[in-house]
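For reference, the chains in residue letters:
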Amino acid sequence: DAGITQSPRHKVTETGTPVTLRCHQTENHRYMYWYRQDPGHGLRLIHYSYGVKDTDKGEVSDGYSVSRSKTEDFLLTLESATSSQTSVYFCAISELGEYGYTFGSGTRLTVV
Amino acid sequence: QQQVKQSPQSLIVQKGGISIINCAYENTAFDYFPWYQQFPGKGPALLIAIRPDVSEKKEGRFTISFNKSAKQFSLHIMDSQPGDSATYFCAASILGDYKLSFGAGTTVTVRA
């Protein structure tokens, strides 16, 4: 997706290990979001950011932390991965005054 | 608890037919209602959106119908084509609050 890149695209990790997912944007948008997608649940908000160093929790934030030290990068960290965190993770961006999101292509994370 | 309830979970329609997806919400503060389309392996993409000051919005073969009193909105795909086969998500947000709450998704399959 133009202007937003997620890495890695796929990852398999072991229970109890830390994992960091990266979202990088070239659009200079103010807002960035992390969602997880699971069958039957749609997309659920984990954390979001409304500026550099300004972040807040979403509806499913337990076990996750985020950081945004630059406008273009938003990192999602699983401090100690659990099997319940196996999911597809999407980053999205939006701009002030615009309510439509642009999503990245997702990261498929498997915790074994 | 999902703030936006979406149905059906899946549907199959013949080419040329009409696909209808319904969403309901409880939070009367919601005032922006987008629909996203997602193809396998891709992130969701904004398809069409509506605000509560209009009851219908049409873009090509896609139409949103909005019923404020019933707190319901729906997506109609007219003359469905095999290329419309995808997962569709409804969502809602509050003006000034850029976080989107998503429905659980509907997988649409268009048979040729």
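The preceding data block contains the structure.
Not measured: the values here are computed from a predicted model. (Residues numbered from 1 in each chain as written. Chains lettered and ligands numbered in written order. Predicted model: local features only at pLDDT ≥ 70, side-chain atom pairs only at ≥ 80, totals over all residues. Heavy atoms only, no water.)

Enquirer: What's the story with the state of the cysteines in this structure? I'm lost.
Expert: By definition, a disulfide links the sulfur atoms of two cysteines through a covalent bond. All names here are of chain B. One pass over the structure, following the stated rule, counts two disulfides over all chains. At a sulfur-sulfur separation of 1.9 Å, the disulfide partner of Cys23 is Cys90. Across the disulfide from Cys23 to Cys90, rotation about the S-S bond amounts to roughly -95 degrees, and the bridge is consequently left-handed. On the criterion of sequence distance, the pair formed by Cys23 in strand E3 (residues 19–25) and Cys90 in strand E9 (residues 86–94) is long-range, its members being 67 residues apart. For the pair Cys23 and Cys90, one class covers both residues: buried. (Disulfide = S-S within 2.5 Å. Helix = DSSP H or I, 4+ residues; strand = E, 2+ residues; numbered from the N terminus. Buried < 20%, exposed > 50% of the residue type's maximum accessible area, 1.4 Å probe, protein only.)

Enquirer: Would you explain the nonpolar core in this entry?
Expert: In a soluble, globular protein the nonpolar side chains are often hidden away together inside. By size, the foremost hydrophobic cluster in this structure holds 24 residues, and its most contacted members are Phe33, Trp35, Phe73, Leu75 and Tyr88 of chain B. Those elements that place two or more of their residues in this core are strand E2 (10–14), E3, strand E4 (30–38), strand E5 (45–50), strand E7 (62–67), strand E8 (72–77), E9 and strand E11 (106–111) of chain B. Among the elements that line this core, the one with the most residues is E9 of chain B, at four residues. Ignoring anything within four residues of it in the chain, the contact list for Leu75 of chain B reads Ser19, Ile20, Ile21, Trp35, Leu47, Ile48, Phe62, Thr63, Ile64 and Tyr88 of chain B. If you look at the next biggest cluster of nonpolar residues, it comprises 20 residues, including Leu45 and Tyr101 of chain A together with Ala49 and Ala91 of chain B. (Core = buried A, V, L, I, M, F, W, Y, C linked by side-chain atoms within 4.5 Å. Contact = heavy atoms within 4.5 Å.)

Enquirer: Looking at this model, I keep getting lost on a nonpolar patch on the surface. Mind explaining?
Expert: All names here are of chain B. On the surface, Ile18, Ile20 and Met78 cluster together to form a nonpolar patch covering roughly 240 Å² of accessible area. Within the fold, Met78 resides in the loop between E8 and E9. Here Met78 falls in the partly exposed class, since its relative accessible area comes to 35%. (Patch = residues over 30% accessible without salt bridge, like charges linked within 9 Å, V, L, I, M, F, W, Y side chains within 5 Å. Areas by Shrake-Rupley, 256 points an atom, 1.4 Å probe, with all protein chains shown as cover. Salt bridge = Lys/Arg side-chain N within 4 Å of Asp/Glu carboxyl O.)

Enquirer: Looking at this structure, how should I read the sheet that holds strand E1 (residues 4–7) of chain A?
Expert: The pairing of strands in a sheet comes from backbone hydrogen bonds and takes either a parallel or an antiparallel form. All names here are of chain A. With respect to topology, four strands assemble into an open sheet ordered E1-E3-E8-E7, the strand pairing being antiparallel. One side of each edge strand has no neighbouring strand; the edge strands of this open sheet are E1 and strand E7 (64–70). Along the sheet, successive strands turn relative to each other by an average axial angle of 20 degrees, direction set aside. For strand E3 (residues 19–25) and strand E8 (residues 73–78), the ladder comprises six bridges, and the chain directions are antiparallel. Bridge assignment links Arg22 to a residue of E8, and that residue is Leu75. (Pairing = 2+ DSSP bridges. Axes fitted to C-alpha atoms, helices over the stretch in contact; angles between N-to-C directions.)

Enquirer: I keep staring at the sheet that holds E3 of chain B and nothing clicks. Help me out?
Expert: Residues and elements named next belong to chain B. Pairing within the open sheet is antiparallel, and its five strands lie in the order E1-E3-E8-E7-E6. Single-partner strands in this sheet number two, and they are strand E1 (4–7) and strand E6 (56–59). Adjacent strand axes in the sheet meet at a mean angle of 15 degrees, parallel and antiparallel pairs treated alike. One ladder, built from four bridges, connects E1 with E3; its direction is antiparallel. Looking at the pairing, Ser7 lines up with Asn22 of E3.

Enquirer: Would you mind showing me how to read unusual backbone geometry here?
Expert: With an omega of -10 degrees, the peptide bond running from Ser7 of chain A to Pro8 of chain A counts as cis. Residue placement: Pro8 of chain A occurs in the loop between E1 and strand E2 (10–13). At the junction of Ser7 of chain B and Pro8 of chain B, the peptide bond is cis and its omega measures out at -5 degrees in the coordinates. Positioned with a positive phi, Lys53 of chain A is a non-glycine residue whose angle comes to about 65 degrees.

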